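Structural description and commentary
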Amino acid sequence: MALKKVKGTLERVLDKNLQDLVRGIRNHKENESKYIAECIDEIKQELKQDNLAIKANAVNKLTYLQMLGYDISWAAFNIIEVMSSTKFTFKRIGYLAASQSFHEETDVLMLTTNMIRKDMSSQNMYDSGVALNGLSCFITPDLARDLANDIMTLMTSSRPYLRKKAVLIMYKVFLQFPEALRPAFPRLKEKLEDPDPGVQSAAVNVICELARKNPKNYLSLAPLFFKLMTTSTNNWVLIKIIKLFSALTPLEPRLGKKLIEPLTNLIHSTSAMSLLYECINTVIAVLVSISSGIPNHTASIQLCVQKLRILIEDSDQNLKYLGLLAMSRILATHPKSVQGHKDLILQCLDDRDESIRLRALDLLYGMVSKKNLMEIVKKLMVHMDKAEGSHYRDELLSKTIEICSQSNYQYVTNFEWYVSILVELTRMEGTKHGKLIANQMLDVAIRVQAIRHFAVSQMAILLENSHLLANNSQRNGICEVLHAAAWICGEFSEHLSNPKATLEAMLKPKITSLPGHIQSIFVQNILKLYGKILKAAEAKEDDSLKKEVHTLLQEKLPVFIQSGDLEVQERACSILQIVKYIMKLEEKGAAVADEVENLYAGELNPVAPKAQKKVPVPEGLDLDKWINEAPDDSSDEEVPGNTFFLTTEDEHRSSYQHGDESRPTYEPTEEELEKRKAIRKTEVEHNPHYLKDDGKGHKPRHKDAFDAKDIPVAEIDLSVPLHVPGLSSSDKYMVLQQKTEKAHKGKKEKGKKKKKKGKGKTQAEESDEDEVAAVHTVSTIVDAPEGMAGSDHEDDKKSGDVYKALDINLD
Amino acid sequence: MMQFMLLFSRQGKLRLQKWFVAHQEKTKKKITRDLITLVLSRKPKMCSFLEYKDYKIVYKRYASLYFCCAIENDDNELLTLELIHRYVELLDKYFGSVCELDIIFNFEKAYFMLDEFLMVGEVQETSKKNVLKAIAAQDLMQEEETPQGFFEDHGLG
């Protein structure tokens, strides 16, 4: 007996403690995981011992290992054992391990309730403190409900140390168990006037957090906080209170008016940057809420903008960042005050720090005007060329397009310029925004009638160079632009200068390497172009042209018929047949060009988003009723079969339809599911060929034996993606590009010169605007079912349901 | 409210992780991995603020350790920087010229210090003196337990 004890003690002496473990790990850098696996085995042995000291040591080591990334959830029960120790040292270790590894799904959490309750009411202040700290990390709704009362009692403890902790943890309790808020709130309010400053600031913290999420319930506390603000000298507390006020002022403009003075005083007097920043933010919030223009307020805005400018000019990157952030808030309501600082913002765009550049970009969005749009976009394009990361470049691209297209292209004066910008953007390789550019092109071509001629000519050039763009066939890549190009050329083919050449371009074999949805657009538009050419040929009575076109189509269309994509195949087949039929008619001498053209007569307008949802359901139609008899329940083979024809994406829809169309789907009821399950089970039982799993997990016979399932299935990419650094475009295209740009520059310069001379009709941008505004109108006609009101604002799912639950009237 | 605080070395080794909201292990690991990569890729002169998912990340480097905190979108970033600095000061006072090794070998003490300074993601105690006093008192308690306890636990009491 004694021998056992001595032996045990000797073994214990050899136990590693934490320091040994850490040192050991550092010394075993090359075989770390093996060493740690050994240590974990040792720990498992130690945890089997009865002695709490040994267990505590083991748990301590486990906490360290958890930080290194090892899962210790298997030791949850042991951790609880250590937590229940009477010794403070072990208790501390146990609670630390718990706060690191316990979470909602830990099953053994329910064992902790009584233990925590006991610890909280312990005589020893630090025992309770440790329990409260640990609890704050792993509290669950159940624990919150059970322990809320005990914590509320602690809020009135005689020891400020405990009062402070109890007040803070109440916030967590409220989040997990909102019903506790109403009973606890009066006591919490009392703590705002607690003699101990620590408890007081804890109460301020909790109430501020609560109030920011549901400000209207805490409006009655505003006077109390006002008093605190004017008397406190603790910056941490001040910042919290000021932040609270910025949440309250939108609800109570009078409060805002009262605040302006103390806040401006603080701004002038404080040397703490964090406090200054907070004050500025709140002043902005106040000014936003006060809509009436009292003369004082322009002074306040000026003060803020001035201080922010100082922040932005500071060499400290952090202050720059925050200055830009705050500026963008002012921009939302007082754009004029900010626009004067455009030069500074553009400077920030050149900053080495990406976060600052992104902030400056955001600001630019609000600062564009008709005059400076072109200059800003030019600068952004330059940045895009120099950009190092593709993520940043994509940001720039999407921002550029956002800036140009905001409010229905309000700031774009010359759409020719915009189209050429879009075309230039197609040169951006590796971008994810191909679809965005394509959409823009379509949008502009459709809604700005005057620009169609120019757009079509550009698109034709793009098509002729499609072999360069077709290299990049990834989803959403730049090849999406070809989709737009083909459609525009087909729809507005009257503007094409050489329809036949475009037709040839669309029939090039390289097209077959494009994604299916793009090819199908090509095929469709081939027919449109064909119709046009036929009409022209008929008018000129040019039979040879007709014959040429026919042979061309007959040679090239069959390639599409062999395509793997269903839609392409289908369209190509139908079109080939139509062409053949037309040829026959032509041979007989009938002039069918008119009919062919009628196939595509009519103007297509964009469809309003959510228009589909608004289509009124005709009377007597029940969309949820079965059309046919319910299908036979006997076999499940039909279910996977149904999905064969469903496409997962709306590729074949026109890109205008932005709204979701939800189809009524068939969902089997519970009983049907049960029935099916039962039937399937019986089938399986009776089927001699069905191999059942033994459940034992056979070891593989040979180590090299492989399963057919394990062979990775790789997709064979038929097109070889070549990265062509810096797409070279045809000279014609570039010259046209430069001409348009030069023309703009020329206009601008002429304008400037003339402006200086102050002569009569200038070609300055102002007159450009007027001139252009009249010609390039953006159509806003959208297709929609009759009587549809403007699209509803459907509420997005509200995040922060937790905070919604805390929205209770506390008066 | 602060969501979590991470300390990691320049080699990307985690030295401390304090989560003020409970998450699954997998989530925690992913966030840690992502953030370590993000922060380590920042150049020295860049600003200390990042955006990650729906948090704002504030980080600061002290010698070989990165202190990285995640705050909510309407929290004050400069205040968080001051918070980090206060924590470093506390550690410094406690360990006496703290360095990374102190935190490696005494990681649980770093946690205890953090537990006295922050709780529920909020500043618990703004007075340095009070924090250090509480820590000292608890250390004393541990020491008082040890001599007697040592013999009892090993069956020799």
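Residues numbered from 1 in each chain as written. Chains lettered and ligands numbered in written order. Predicted model: local features only at pLDDT ≥ 70, side-chain atom pairs only at ≥ 80, totals over all residues. Heavy atoms only, no water.

1. Here we look at the overall build of chain A
Per the secondary structure count, chain A includes 39 helices and zero strands. Within chain A, buried positions represent 47% of all 811 residues. For chain A, contacts bridging at least 24 residues in sequence account for 71% of all contacts bridging at least 6. Of the roughly 43600 Å² that chain A leaves accessible, carbon and sulfur atoms contribute 52%. (Helix = DSSP H or I, 4+ residues; strand = E, 2+ residues; numbered from the N terminus. Buried < 20%, exposed > 50% of the residue type's maximum accessible area, 1.4 Å probe, protein only. Contact = heavy atoms within 4.5 Å. Areas by Shrake-Rupley, 256 points an atom, 1.4 Å probe, with all protein chains shown as cover.)

2. As for the overall build of chain B
Looking only at helices and strands, one finds five helices and seven strands in chain B. Taken from N to C terminus, the helices and strands of chain B fall in the order β-β-α-β-β-β-α-α-α-β-β-α. Considering chain B as a whole, with its 157 residues, one finds that 59% of them fall into the buried category. Taking the contacts inside chain B whose residues are at least 6 apart along the sequence as the reference set, 47% of them involve residues at least 24 apart. Only carbon and sulfur atoms are counted for the fraction: they give 54% of the accessible area of chain B, which is about 6800 Å².

3. Some words on the packing of aromatic side chains
Per the stated rule, a full pass over the model turns up 16 aromatic pairs over all chains. Here the aromatic rings of A:Tyr321 and B:Phe49 are separated by 5.4 Å at their centres, their planes lie at 45°, and the arrangement is tilted. Separated into two different chains, A:Tyr321 in helix H18 (residues 317-333) and B:Phe49 in strand S3 (residues 49-52) make up a pair that spans both. According to the relative accessible area criterion, A:Tyr321 is buried, its value standing at 3%. Summarising the aromatic geometry, the rings of B:Phe107 and B:Tyr111 are spaced 5.9 Å apart at their centres and angled 80° between planes, so their arrangement reads as edge-to-face. (Phe/Tyr/Trp six-rings, centres within 6.5 Å; stacked < 30°, edge-to-face > 60°.)

4. A look at the interface of chain A and chain B
Taken together, the 67 residues of chain A in the interface contact 63 residues of chain B. Carbon and sulfur atoms make up 53% of the surface buried where chain A meets chain B, a total of about 6200 Å² over both sides. Taken together, the links from chain A to chain B amount to nine salt bridges. One salt bridge connects A:Arg92 with B:Asp139, and the closest N-O pair in it is separated by 3.9 Å. Tallied by class, residues from the side of chain A that touches chain B come to 26 nonpolar, 21 polar and 20 charged. (Buried area = accessible area lost by both parts, 1.4 Å probe. Salt bridge = Lys/Arg side-chain N within 4 Å of Asp/Glu carboxyl O. Nonpolar A, V, L, I, M, F, W, Y, C, P; charged D, E, K, R; others polar.)

5. A closer look at the pattern of salt bridges
Residues and elements named next belong to chain A. What the rule picks out here adds up to 39 salt bridges over all chains. Between aspartate 146 and arginine 145 there is a salt bridge; the shortest N-O distance is 3.9 Å. A relative accessible area of 31% means that aspartate 146 is categorised as partly exposed. Given a relative accessible area of 43%, arginine 145 falls into the partly exposed group.

6. A few points about the packing of helix H10 (residues 160-176) of chain A against helix H12 (residues 197-213) of chain A
Residues and elements named next belong to chain A. In the contact formed by H10 and H12, the axes pass within 8 Å of each other and the chain directions differ by 10°. Our classification of the angle between H10 and H12 gives roughly parallel. Of H12, the residues touching H10 (which contributes Pro160, Arg163, Lys164, Val167, Leu168, Tyr171 and Phe174) are Gly198, Val199, Ala202, Ala203, Asn205, Val206, Glu209 and Leu210. Grouping the constituent residues of the contact of H10 with H12 by class yields 10 nonpolar, two polar and three charged. (Axes fitted to C-alpha atoms, helices over the stretch in contact; angles between N-to-C directions. Parallel < 35°, antiparallel > 145°, perpendicular 65-115°, else oblique.)

7. Quick word on the sheet that holds S3(B)
All names here are of chain B. Across the sheet, which stays open at both edges, the five strands sit in the order S2-S1-S5-S4-S3 with antiparallel pairing between neighbours. Whereas interior strands pair on both sides, the edge strands pair on one side only; in this sheet they are strand S2 (14-19) and S3. Averaged over all adjacent pairs, the angle separating strand axes in this sheet is 20°, with direction ignored. Pairing between strand S4 (residues 55-62) and strand S5 (residues 65-71): seven bridges, direction antiparallel. Bridge assignment links arginine 61 to a residue of S5, and that residue is tyrosine 66. Each of strand S1 (2-9), S2, S3, S4 and S5 touches helix H1 (residues 25-40); the most contacted strand, S1, lies at about 60° to it. (Pairing = 2+ DSSP bridges.)

8. Focus on the environment of A:Cys573
Topologically, A:Cys573 is positioned in helix H32 (residues 566-587). Between the alpha carbons of A:Cys573 and A:Phe560 there is a distance of 8.2 Å; along the sequence they are 13 residues apart.

9. Section: the confidence of the model for chain A
All names here are of chain A. On average, residues of chain A carry a pLDDT of 77, and 78% of them reach 70 or more. Within the model, pLDDT remains below 50 along residues 717-738, and this stretch shows 32 contacts once partners closer than five positions in the same chain are excluded. Contacts for the low-pLDDT stretch residues 754-775, under 50 throughout, to residues beyond four places or in other chains number 21 contacts. (pLDDT = per-residue confidence, 0-100.)

10. A few points about the pairing of S2(B)
Residue and element names in this part refer to chain B. Most of S2 sits inside the fold, with six of its six residues counted as buried. Relative to S2, S1 is paired through five bridges, and the arrangement is antiparallel. Within S2, the position partnered with leucine 7 by the bridge is leucine 16. From the end of S1 to the start of S2, which pair antiparallel, there are four residues, and glycine 12 there has a positive phi angle of about 90°.

11. Notes on helix H15 (residues 253-269) of chain A
Residue and element names in this part refer to chain A. Between its terminal C-alpha atoms H15 stretches 25 Å, which fits the 24 Å expected from 17 residues at 1.5 Å a residue. Along H15, the sharpest kink reaches roughly 35°, centred on leucine 259 and followed within four residues by the proline proline 262. When H15 is considered as a whole, its buried residues turn out to be Leu255, Gly256, Leu259, Ile260, Pro262, Leu263, Thr264, Leu266 and Ile267. (Expected span 1.5 Å × (residues − 1). Bend = angle between axes of the 7 residues up to and from the residue.)

12. Structural notes on unusual backbone geometry
Residues and elements named next belong to chain B. Unlike most non-glycine residues, alanine 63 shows phi in positive territory, near 55°. Its location among the elements puts alanine 63 in the loop between S4 and S5. Despite not being glycine, valine 120 shows a phi value in the positive range, around 55°. Residue valine 120 is classed as buried on the basis of its relative accessible area of 2%.

13. Here's the deal with the side chain of A:Gln317
Structurally, A:Gln317 can be placed in helix H18. Classification of A:Gln317 by relative accessible area gives buried; the value is 10%. Discounting chain neighbours no more than four positions away, the residues touching A:Gln317 are A:Asp351, A:Asp353, A:Ile356, B:Lys45, B:Met46 and B:Cys47.

14. Side note on the packing of H15(A) against helix H16 (residues 273-289) of chain A
Residues and elements named next belong to chain A. Following both chains from N to C, one finds H15 and H16 inclined at 155°, their axes separated by 10 Å at the closest point. Between H15 and H16, the angle falls in the class roughly antiparallel. The element H15 and its partner H16 pack so that their crossing is left-handed. Between H15 and H16, the residues in contact are Gly256, Leu259, Ile260, Leu263, Leu266 and Ile267 and Leu275, Leu276, Cys279, Ile280, Thr282, Val283, Val286 and Leu287, respectively. (Left-handed = near helix turned anticlockwise from the far one by under 90°.)

15. Observations concerning the pairing of S1(B)
Residues and elements named next belong to chain B. Of all eight residues that make up S1, eight are buried, and the element is covered over most of its length. Pairing analysis gives seven bridges linking S1 to S5, with the strands arranged antiparallel. Across the sheet, the residue bridging to serine 9 is leucine 65, located in S5.

16. Observations regarding the state of the cysteines
Residue and element names in this part refer to chain A. Scanning the model with the defined rule gives zero disulfides over all chains in all. Unpaired in terms of disulfides, cysteine 279 finds its nearest cysteine sulfur in cysteine 304, a separation of 9.5 Å. Given the relative accessible area of 0%, cysteine 279 is considered buried. (Disulfide = S-S within 2.5 Å.)

17. Thoughts on the environment of A:Lys379
Residue and element names in this part refer to chain A. Here lysine 379 lies in helix H22 (residues 373-386). Among the residues examined, lysine 379 registers a relative accessible area of 30% and is labelled partly exposed. Along the backbone, lysine 379 and aspartate 350 are 29 residues apart, and their C-alpha atoms lie at a distance of 9.8 Å. With residues up to four places along the chain from it excluded, the contact list for lysine 379 reads Leu346 and Asp350.

18. Regarding the confidence of the model for chain B
All names here are of chain B. Residues of chain B with pLDDT of at least 70 account for 93%, and the chain-wide mean is 89. Highest mean pLDDT in chain B belongs to S5 (95); lowest belongs to helix H5 (residues 128-153) (83). Across the whole predicted complex the pTM is 0.69, and at the interface the ipTM reaches 0.93.

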